[in-house]
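Here is how the chains run, residue by residue.
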Amino acid sequence: MWVKSSIYALLLAGLTWRLARPGSNILTLPPLPANYSSFDSCTIVKENADAPVPLKYCEDAVFWQPDSGSNKQLIMSCDPNRKEWNTVMGPLKNPNSRGALWLYTPGSPGSAEPIKIKGYPPNADFHPLGIDVLTPSGSDVTYLYAVNHGRDISTIEVFTLSHDKSPIATYQKTLRSLLFRSPNSITLTSANSFYLTHDHFFTRRLPPPMGMVMPMVETMLTLPLAWLQHVRVKPDGKLSISLAAAGLAFANGASLSPDGTELAVASSSYQVLYMYERNPSTNKLRYKYKIEIPYSPDNVSYDDEGGIVVAGHPHLKSLSNVAYRKASHSPSWVVEIRPHQSNGTIYGALDDSKTPFPMASRMSQPETHIVRTLYQSDGSAFSSTSTGLIDSTTGTMYVTGLYEHGLLVCTN
């Protein structure tokens, strides 16, 4: 009896220690400013007046450079029906209305237009979440892969991109597997292979009440039940799927470094980035360390200089309230992470005290990196930040909002 009680006590102590920082952050609404940015100015770009659908509820975004001499454009995965169909947070009410892919072209002013999807099965659902694009070396074909949360199963949709007078995504194929349990973020390693995060073991697709209760329990207890796959599409179309990393808590966004030797994976519940060393020849990963984030990170992206931009959610309860139409907005936070030394530049100590809400109360600065705030809002100016990208050439930052109307563009 004494041994059993001691084991229970140790387990409880371990869980309490594990939940101390992320649990407090998840449950505590931080006093964020209405609108703070480290940039000179930020504007919200919306759809053109003649657009057939609104530029709303965009989860992911990636850069696309049609050719080496052109400027970077932005591709976004958006779903105006997200408050009716969200297989990660719920609800699962009505999957009928389709989501969309959007293209933003920077300029003065920039313009956003929906990407025409050509050849897609007319009766198939399309609720895009994670996306990635890749133009193989020596090729003029750009591939776009999109995680699709359909009504019955989640799949991976494959397109090729082109742009003449307007952008077009031509449907190529749908990838299906019983091992695609809860796919979230996709990171291409070639034209026919990719890493794929799975955010939960217990999903919203489970029959009630399991589908309502168990995913939340998994999230709130930061249970390490999520994982990362590497998927290769064979010449015959069959899939070769291997386990790349396991024991993750709510694995969300993932991104490869510019040289392909490092992979960052966000844990939304444990509020860290898992950092892995990657072998580009074999796609094998070796865990290196984790970096604390002062909120629940959603998507991550590297810039050309090796810095990492992380957007996410400072208060998951507020985000859930927006998802279930109980609130109009939820807080936003975007940070930048850089090694102390990168490309010959040595970054010194960071003074975060001038930020309206310093991150010191929610995390400790890592020994290996510098973390600084790029954007904060209580949600009234821009809500539910999910992806942040920085164009290293222009210095412009782009931010999408999971339940926001428009694209945030910040410049100096």
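Residues numbered from 1 in each chain as written. Predicted model: local features only at pLDDT ≥ 70, side-chain atom pairs only at ≥ 80, totals over all residues. Heavy atoms only, no water.

A.B. asks: Mind showing me how you'd approach the overall build of the protein here?
C.D. replies: A tally of regular secondary structure across the protein gives three helices and 28 strands. On the principal axes, the C-alpha backbone points of the protein span a range of 70 × 50 × 45 Å. Considering the protein as a whole, with its 412 residues, one finds that 53% of them fall into the buried category. Total accessible area computed for the protein in this model is approximately 18000 Å², and 55% of it derives from carbon and sulfur atoms. Computed over 34 positive and 33 negative side-chain charges, the inter-centroid distance for the protein is 9 Å. (Helix = DSSP H or I, 4+ residues; strand = E, 2+ residues; numbered from the N terminus. Buried < 20%, exposed > 50% of the residue type's maximum accessible area, 1.4 Å probe, protein only. Areas by Shrake-Rupley, 256 points an atom, 1.4 Å probe, with all protein chains shown as cover. Lys, Arg positive; Asp, Glu negative; His and termini not counted. Charge placed at Lys NZ, Arg CZ, Asp CG, Glu CD.)

A.B. asks: Just checking my understanding: could you explain the pattern of salt bridges for this structure?
C.D. replies: Side chains bearing opposite charge may pair, as long as their charged atoms lie close to each other. Tallied over the full model, the rule gives ten salt bridges. When the shortest N-O distance is used, the salt bridge between Arg325 and Glu84 registers 3.0 Å. You can see Arg325 sitting in the loop between α3 (316–323) and β22 (332–339) and its partner Glu84 sitting in the loop between β4 (73–78) and β5 (100–105), a full 241 residues away along the chain. Residue Arg325 is classed as exposed on the basis of its relative accessible area, which comes to 51%. Notably, a salt bridge pairs Glu277 with Arg286, separated by 2.8 Å at the nearest N-O pair. (Salt bridge = Lys/Arg side-chain N within 4 Å of Asp/Glu carboxyl O.)

A.B. asks: What should I look at first to understand the side chain of Gln271 in this one?
C.D. replies: With respect to the helices and strands, Gln271 occurs in the loop between β17 (262–267) and β18 (272–278). Judged by its relative accessible area of 0%, Gln271 falls in the buried class. A polar contact of 3.3 Å, which involves the side chain of Gln271, links it to the side chain of Ser296. Discounting chain neighbours no more than four positions away, the residues touching Gln271 are Arg21, Pro22, Asn25, Ile26, Ile291, Glu292, Ile293, Pro294, Tyr295, Ser296 and Pro297. (Polar contact = N/O pair within 3.5 Å; in protein donor to acceptor, adjacent residues only side chain to side chain. Contact = heavy atoms within 4.5 Å.)

A.B. asks: Which parts of the structure should I look at to understand the packing of aromatic side chains?
C.D. replies: The relative placement of two aromatic rings is captured by the distance of their centres and the angle of their planes. In the structure shown here, the tally under the stated rule is 13 aromatic pairs. Summarising the aromatic geometry, the rings of Tyr57 and Tyr403 are spaced 5.5 Å apart at their centres and angled 65° between planes, so their arrangement reads as edge-to-face. One end of the pair, Tyr57, is in the loop between β2 (41–45) and β3 (58–64); the other, Tyr403, is in the loop between β27 (397–401) and β28 (407–411), and 346 residues separate them in sequence. The class of Tyr57 is buried, set by a relative accessible area of 9%. Pairing Phe126 with Phe159 gives two aromatic rings, centres 6.0 Å apart and planes at 75°, and the pair type is edge-to-face. Remark: Phe159 occurs in strand β10 (residues 154–163) and Phe126 occurs in the loop between β7 (116–118) and β8 (128–134); sequence separation between them is 33 residues. (Phe/Tyr/Trp six-rings, centres within 6.5 Å; stacked < 30°, edge-to-face > 60°.)

A.B. asks: Where do I start with empty space enclosed by the protein in this structure?
C.D. replies: Left-over empty space is what a probe sized like a water molecule reveals as it rolls over the atoms. The full count for this structure, using the stated rule, is two cavities of 30 Å³ or more. Around the largest cavity sit 14 residues that line it, and Thr87, Arg181, Ser182, Asp199 and Thr203 are the ones nearest its centre. A class-by-class count of the residues in the lining of the largest cavity yields four nonpolar, six polar and four charged. In this model, the second largest cavity occupies a volume close to 60 Å³. What lines the second largest cavity is Asp79, Arg82, Trp85, Asn86, Thr87, His127, Pro128, Leu129 and His149. Looking at the lining of the second largest cavity, its residues break down into three nonpolar, four polar and two charged. (1 Å grid on protein atoms, 1.4 Å probe; cavity = no way out; pocket = protein on both sides within 12 Å on 5 of 7 lines; lining within 4 Å. Points joined across faces, edges and corners; volume = space filled by probe spheres on them. Nonpolar A, V, L, I, M, F, W, Y, C, P; charged D, E, K, R; others polar.)

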